[in-house]
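# Close look at the chain arrangement
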Amino acid sequence: MLISGLIFSQNFQYDSDDWHVITRPGSINAISEDNFNIYFATDNGIFIYDKIMEDFRYDHSFSLEFDFAQIRHMIYDNYRDYFWIVHSNGISYKSSVSSIWRDVSLFNTNIFSYYEIDDIGVSPDFFWIRSLNDLHPFDPFSASVEKWEDAQNDVDFINWGHSRYGIAGENLDISSYSIYGNWPIGLSNTTHRDGSSMIPTLSMKDEDRNQWFGTTEGYVLKGWHHSARLELVTIGLPFDHVTTAYFDQGGNWWFSDSYFKRTGRLSSFVGRNQTPFIAKWYEEDNEWTYYTPEESILIEHTDVNTIYRIGNTVYFGTMYGLLYLDLYNEDWNLIDETNGLNDSAIWDIIEYDGSIYVATANGINEISIVNHSLIPDVNDHFKPLMNFKIYDMEVDSEFIYMATDNGLYKMDWEGGDLSKLSKKEFHKISLEGNTIAGTDGILWFVNDENEEKYISSNVHDFDICGSYIWMSKGNKAALLDSTTYQEWKYDQLDGIPGQKIYGVHCDTDWVWFLTNKGIAFYNWKQYHYEKN
């Protein structure tokens, strides 16, 4: 529930700025406008364009309180400061300052399905539905059906909404426009030179006479008065599932999905594939860059297991080798078994002393960050691990720690001495002082005397910040205070999108959840304080 900027949930009364959600828009189905914002109703919620800041964002509080799928129509009622929405389950409306949605009944109308609604509109005294050639007036406060003879004088004053299913979505002709970039325009769609296409869904001209187009792919096209140019605006993720998130030294967030990690099966595509599989988000300017398999013939699958950046090179650990991108030259390259990798499946990447080390399904390889050639293991330090699957690695100045399918190992960097710390098959580990935390479905702490301490069960992923442990547990996340052992549960009732939480990461201020519906950032420091 949302009251005066506060979101009431199962844990705390959140401020609306405490949560930031990034998700895939899906098709843009309706556009509406009030004095401050333009609203884009999509398959996956409401996105807002702030007119003053000239910036897009996903409206977390609006979408959280409005738990309806397949929005077909949306209009802001400037006469009453209301919102009206038609969705797959009915018609709902509310005041802009309330979180309580009320329903509109179609009883006593000749409308038998919400899919028969072509447009919705508002006038000074009524709410209106257009279905085929019939207009249906409703009392805007009680939502009861009104008599035609009482409402007909308001017809000339109706402000109709803008929906892809109504007049705003009919006979769209964008052939008179041009788009920045490699997007030649046809009569009713535009196709990029890489083969990807966009199909406009509807158009709207705002109060400032800017022209807006929604598209089936979730892009927004923005035009200006007396201009034939359109700007292509990306407003969110290009995919639903996020299994990997990485923040680099340049202020960029990198997001990807590994179908293999989710299902145990390799991703595949036949012929050309214009669907983005990596997304870069420059947080400061809210700018998005998408990368598709068409970027290079070297991209055979779209499973990205891990991401790491050094300088102008971004490395992607995939199921078919180490893919890397030179950001300066925009050049892609690949290191795989044909170049000497032990195995093409790469699960983790770390940097140490001028080299990167990649964890593969068959041991560890060292690669130069200068010329990207494999460095021979002349001292056979990693030879004992050749037949092991390496899931995760942690390093400090003295040791490298390796989670394998044969247990947890520690190796001395200088002498190469290898010791086994645990027989458990950890898939994720974290080095915390003299203790290694690891999960094999159960979270354990292993101390420097190889003693194992049980922490929590059903743990897929985890991160540790101070005395707190964040854990992903299927469709929920949990926060454990390791000092008091108090635990909090987090899920959709708090603001986490989706029903599956693949991963969780934290810093001193924020925690971010990777889900099947995007990623959510939560300002957790406001509610959980580190003990002195």
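Please refer to the structure higher up on the page.
Here's a quick rundown of the structure. For every chain, the first residue of the written sequence is number 1, and numbering continues from 1 onward in sequence order. pLDDT decides what is reported in this predicted model: residues at 70 or higher carry local features, side-chain atom pairs at 80 or more are listed and counted, and totals for whole chains, interfaces and linings draw on all residues regardless. Side-chain measures here rest on the full set of heavy atoms in the structure, leaving out hydrogens and waters.

Right, let's get into the packing of aromatic side chains. Pairing of aromatic rings covers Phe, Tyr and Trp, the last through its six-membered ring, and needs centres within 6.5 Å; plane angles under 30 degrees mean stacked, over 60 mean edge-to-face, and all others mean tilted. All told, the structure shown has 55 aromatic pairs when counted by the stated rule. Between Tyr82 and Phe141, the ring centres sit 6.2 Å apart and the planes meet at 80°, which makes this aromatic pair edge-to-face. Residue Tyr82 is found in strand E10 (residues 82-87), and its partner Phe141 is found in the loop between strand E15 (134-138) and helix H2 (148-151); the two are separated by 59 residues along the sequence. Using a 1.4 Å probe on the protein chains alone, a residue whose accessible area is under 20% of its type maximum counts as buried, one over 50% counts as exposed, and one in between counts as partly exposed. Look at Phe141 and you get partly exposed, because its relative accessible area is 49%. Ring plane angle 35° and centroid distance 6.1 Å describe the contact between Phe255 and Trp288, whose orientation is recorded as tilted. Here the residue Phe255 occupies a position in strand E26 (residues 252-256), and Trp288 occupies one in strand E28 (residues 287-291), the gap between them amounting to 33 residues. Note on accessibility: Phe255 and Trp288 belong to one class, buried. An aromatic cluster is defined as three or more aromatic residues linked by ring pairs; in this entry it consists of Phe12, Tyr14, Trp19, Tyr468, Trp470, Trp488, Tyr490, Phe513, Tyr522, Trp524 and Tyr527. Whether a charge sits over a ring comes down to the Lys NZ or Arg CZ being within 6 Å of the ring centre and within 35 degrees of the ring normal. Residue placement shows Lys410 over the ring face of Phe399; its charged tip is 4.4 Å from the ring centre. Secondary structure counts use DSSP, requiring at least four H or I residues in a row for a helix and at least two E residues in a row for a strand, with both numbered from the N terminus.

Here we take up the state of the cysteines. Note on terminology: pairs of cysteine sulfur atoms within 2.5 Å are recorded as disulfides. Scanning all chains against the criterion turns up one disulfide. Between the sulfur atoms of Cys465 and its disulfide mate Cys506 the distance is 2.1 Å. Disulfide Cys465-Cys506: torsion about the S-S bond near 115°, hence right-handed. Remark: Cys506 occurs in strand E49 (residues 501-506) and Cys465 occurs in strand E45 (residues 461-465); sequence separation between them is 41 residues. Judged on exposure class, the residue Cys465 and its partner Cys506 are both buried.

The residue Glu54 is not glycine, and still its phi comes out positive at about 55°. Mapped onto the fold, Glu54 is located in the loop between strand E7 (45-50) and strand E8 (55-58).

Turning our eyes to something else, we now look at a nonpolar patch on the surface. A contiguous nonpolar surface patch, about 400 Å² in accessible area, is contributed by Phe36, Ile52 and Met53. If you trace the backbone, Phe36 turns up in the loop between strand E5 (28-33) and strand E6 (37-42). Judged by its relative accessible area of 53%, Phe36 is exposed. Like-charged residues within 9 Å of one another, or nonpolar side chains (Val, Leu, Ile, Met, Phe, Trp, Tyr) within 5 Å, are grouped into patches, provided each residue has over 30% relative accessible area and no salt bridge. Where accessible areas are quoted, they stem from the Shrake-Rupley method and a 1.4 Å probe; at the residue level, only the protein chains shown are allowed to cover. By definition here, a salt bridge exists when the distance from a side-chain nitrogen of Lys or Arg to a carboxyl oxygen of Asp or Glu is within 4 Å.

Moving on, we come to the sheet that holds strand E16 (residues 159-160). Between any two strands, pairing holds if DSSP finds at least two bridges. Read across the open sheet, the four strands follow the order E15-E14-E13-E16; overall the sheet is antiparallel. Both edges of this open sheet fall to E15 and E16, since each of them pairs with a single strand only. By the bridge criterion, five bridges tie strand E14 (residues 127-131) to E15 in an arrangement that is antiparallel. Among the inter-strand pairings, Ser131 is bridged to a residue of E15, identified as Asp134.

Looking now at the nonpolar core. Side-chain atoms within 4.5 Å link the members of a nonpolar core, which is a set of buried Ala, Val, Leu, Ile, Met, Phe, Trp, Tyr and Cys residues. Residues Phe40, Trp212, Trp470, Tyr490, Phe513, Tyr522 and Trp524 are the most contacted members of the largest nonpolar core, which totals 35 residues. Throughout, a contact is declared for two residues whenever any of their heavy atoms are within 4.5 Å. Leaving out residues up to four positions away in the same chain, Phe513 has contacts with Trp19, Trp470, Ala477, Ile496, Ile501, Gly503, Val504, Gly518, Ile519, Ala520 and Tyr522. With 23 residues, the next largest nonpolar core counts Ile22, Ala279, Leu514 and Phe521 among its residues.

The subject of this paragraph is the sheet that holds strand E40 (residues 418-422). As summarised here, the arrangement of the four strands in space is E37-E38-E39-E40, forming an open sheet in which the pairing is antiparallel. Two strands bound the open sheet, and with one partner strand each, they are strand E37 (390-395) and E40. Each neighbouring strand pair of the sheet contributes to a mean axis angle of 25°, computed without reference to strand direction. Relative to E40, strand E39 (residues 407-412) runs antiparallel, the two being bridged by four bridges. Across the sheet, Lys410 pairs through a bridge with Ser419, a residue of E40. For every element, the axis is a line fit to its C-alpha atoms; helices are fit only across the contacting stretch, and the angle between N-to-C directions ranges from 0 to 180 degrees.

What follows concerns the pairing of strand E46 (residues 468-473). Taking burial as the measure, the six residues of E46 include six buried ones, the bulk of the element. Of the two faces of E46, the one holding Tyr468, Trp470 and Ser472 and the one holding Ile469, Met471 and Lys473 are both buried throughout. Once E45 ends, the chain turns through two residues before running back antiparallel as E46, passing Gly466 with a positive phi of about 65°. Examined bridge by bridge, E46 and strand E47 (residues 476-481) share six bridges and lie antiparallel to one another. If you follow Ile469 over to E47, its bridge partner there is Leu480. Following E46, the chain reverses through two residues before pairing antiparallel with E47; Gly474 in that reversal takes a positive phi of roughly 75°.

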